[in-house]
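The residues making up each chain are set out below.
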Amino acid sequence: MVSSLRFRQSSVIPGFGLTFGFTLFYLTLIVLVPLSGLFIRASAMHWQAFLATVTSPRVMAAYRISFGIALLAALVNTLFGLIVAWVLVRYRLPFKKILDAMIDLPFALPTSVAGIALSALYAPEGWMGKALAHLHIHLAFNAGGIAVALIFVGLPFVVRTVEPVLQDMDKEIEEAAAGLGASRLQTFTRIILPHIAPALLTGFAMAFARGLGEYGSVIFIAGNMPMVSEIVPLVIITRLEQYDYAGATAIALTMLLASFVLLLAINLLQRLGRERAGA
């Protein structure tokens, strides 16, 4: 009787076979079929042509810019996203609802609108651009503009991933650590950080993935100079505009495989961290 009750409680949606089959069908239709089209289209190219396309100097420079700046932006968002989530959870703020809406704004704001706003703000004649120009800092129409755009769109992923973990964390553990003589730094590094590390790594992965695929908010502020501030999505769009569908597919496939390997490695690290935390 008890075992049957537990089974019923664990099976909220009836018909495991039906729901599992529908899930596989939906993922195949939405994800696997479009992605398999890349492999089919790229397989029509000769290996020498494929290799020459994906390793050309312009494309290699775009790889370095896209992956490098996306990684930098994700690291910045990981640090400051943790700080923002901590403040929202641990402190009472007079305008907390407004701050929550501002954090979620990049989710709802069209990327092109974000790009126009950022370029107008950080342009040499913009409000922030003029102030930074006195410090000889230029963040518009160069690689710095890409970093600004990716930080803007990636911050909510870290905040919204870490925030619920901090909310569920029992403060009595911190009080017990303080009672045993642990300093604030020791409490954070030995108790809080291991607890939120999996969520923090998830937020980093999501921000990094968003940065790799971002296009609309970047092209307005990057300057789009080949070998300097040109991202991989723009290279793909340029190839498509030149009717080089095979070249665009090859570059897209390389980007897909590299992104998948990196995200898989991050997920494995995340799982290892959870296993160690559970042990």
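The structure we're discussing is the one just above.
Residues numbered from 1 in each chain as written. Predicted model: local features only at pLDDT ≥ 70, side-chain atom pairs only at ≥ 80, totals over all residues. Heavy atoms only, no water.

1. Some thoughts on empty space enclosed by the protein
Move 1: Within the structure shown, the criterion is met by one cavity of 30 Å³ or more.
Move 2: Every residue lining the largest cavity is listed: S66, I146, L150, G211, L212, E214, V218, I231 and P233.
Move 3: Among the secondary structure elements, those contributing two or more residues to the lining of the largest cavity are helix 8 (143-168) and helix 10 (184-213).
Move 4: For the lining of the largest cavity, the residue count by class is six nonpolar, two polar and one charged. (1 Å grid on protein atoms, 1.4 Å probe; cavity = no way out; pocket = protein on both sides within 12 Å on 5 of 7 lines; lining within 4 Å. Points joined across faces, edges and corners; volume = space filled by probe spheres on them. Helix = DSSP H or I, 4+ residues; strand = E, 2+ residues; numbered from the N terminus. Nonpolar A, V, L, I, M, F, W, Y, C, P; charged D, E, K, R; others polar.)

2. Topic: the layout of surface pockets
Move 1: Reported here for the largest pocket is a volume of approximately 430 Å³.
Move 2: Only helix 4 (57-90), helix 5 (96-108), helix 6 (111-122) and helix 8 provide two or more residues apiece to the lining of the largest pocket.
Move 3: Counting residues per element, the lining of the largest pocket draws most heavily on helix 4, which supplies six residues.
Move 4: Considering only residue class, the lining of the largest pocket consists of 19 nonpolar, one polar and no charged.

3. Structural notes on the nonpolar core
Move 1: Counting residues in hydrophobic clusters, the biggest one holds 55 residues, and the most contacted among them are Y63 and I146.
Move 2: Secondary-structure elements contributing two or more residues to this core are helix 3 (47-54), helix 4, helix 6, helix 8, helix 10, helix 11 (216-222), helix 12 (232-241) and helix 13 (245-278).
Move 3: The element that contributes the greatest number of residues to this core is helix 4, accounting for 13 residues.
Move 4: Apart from the residues lying within four places of it in its own chain, the contact partners of I146 are I65, I69, V218, I221, A222, S229 and I231. (Core = buried A, V, L, I, M, F, W, Y, C linked by side-chain atoms within 4.5 Å. Buried < 20%, exposed > 50% of the residue type's maximum accessible area, 1.4 Å probe, protein only. Contact = heavy atoms within 4.5 Å.)

4. Some thoughts on the packing of helix 5 against helix 8
Move 1: Across the interface, helix 5 lies against helix 8 with an axial gap of 7 Å and an inter-helix angle of 125°. In terms of orientation, helix 5 lies oblique with respect to helix 8. As helix 5 packs across helix 8, the resulting crossing turns out to be left-handed. Where helix 5 approaches helix 8, its residues D100, I103, D104, P106 and F107 are matched on the opposing element by F152, V153, P156, F157, V159, R160 and E163.
Move 2: Among the residues forming the contact of helix 5 with helix 8, the class breakdown is eight nonpolar, no polar and four charged. (Axes fitted to C-alpha atoms, helices over the stretch in contact; angles between N-to-C directions. Parallel < 35°, antiparallel > 145°, perpendicular 65-115°, else oblique. Left-handed = near helix turned anticlockwise from the far one by under 90°.)

5. Description of the side chain of T53
Move 1: Of note, T53 is situated in helix 3.
Move 2: Residue classification places T53 among the buried positions, given a relative accessible area of 13%.
Move 3: Residues in contact with T53, not counting those within four places in the same chain, are M45, V59, R239, G247, A250 and I251.

6. Quick look at helix 8
Move 1: Taking 1.5 Å per residue as the helical rise, helix 8 with its 26 residues ought to reach 38 Å, and the 39 Å between its terminal C-alpha atoms agrees with that figure.
Move 2: The largest bend in helix 8 comes to about 35°, at G154, with the proline P156 one to four residues further on. (Expected span 1.5 Å × (residues − 1). Bend = angle between axes of the 7 residues up to and from the residue.)

7. Description of the environment of N142
Move 1: Summarising the element assignment, N142 is placed in the loop between helix 7 (127-133) and helix 8.
Move 2: Linking N142 and E214, residues 72 residues apart in sequence, is a C-alpha distance of 16 Å.
Move 3: What N142 contacts, discounting residues up to four positions off in sequence, is I221, A222, G223 and S229.
Move 4: Of note is the side chain of N142, whose polar atom sits 2.9 Å from the backbone nitrogen of G144. (Polar contact = N/O pair within 3.5 Å; in protein donor to acceptor, adjacent residues only side chain to side chain.)

8. Some words on the pattern of salt bridges
Move 1: Tallying each qualifying case throughout the model produces six salt bridges.
Move 2: For R210, the salt bridge goes to E214, with nearest N and O atoms at 2.8 Å. Just as R210 is buried, E214 falls in that class too.
Move 3: Notably, a salt bridge pairs D244 with R239, separated by 2.9 Å at the nearest N-O pair.
Move 4: According to the relative accessible area criterion, D244 is partly exposed, its value standing at 28%.
Move 5: The network of salt bridges with common partners includes D100, D104, R160 and E163. (Salt bridge = Lys/Arg side-chain N within 4 Å of Asp/Glu carboxyl O.)

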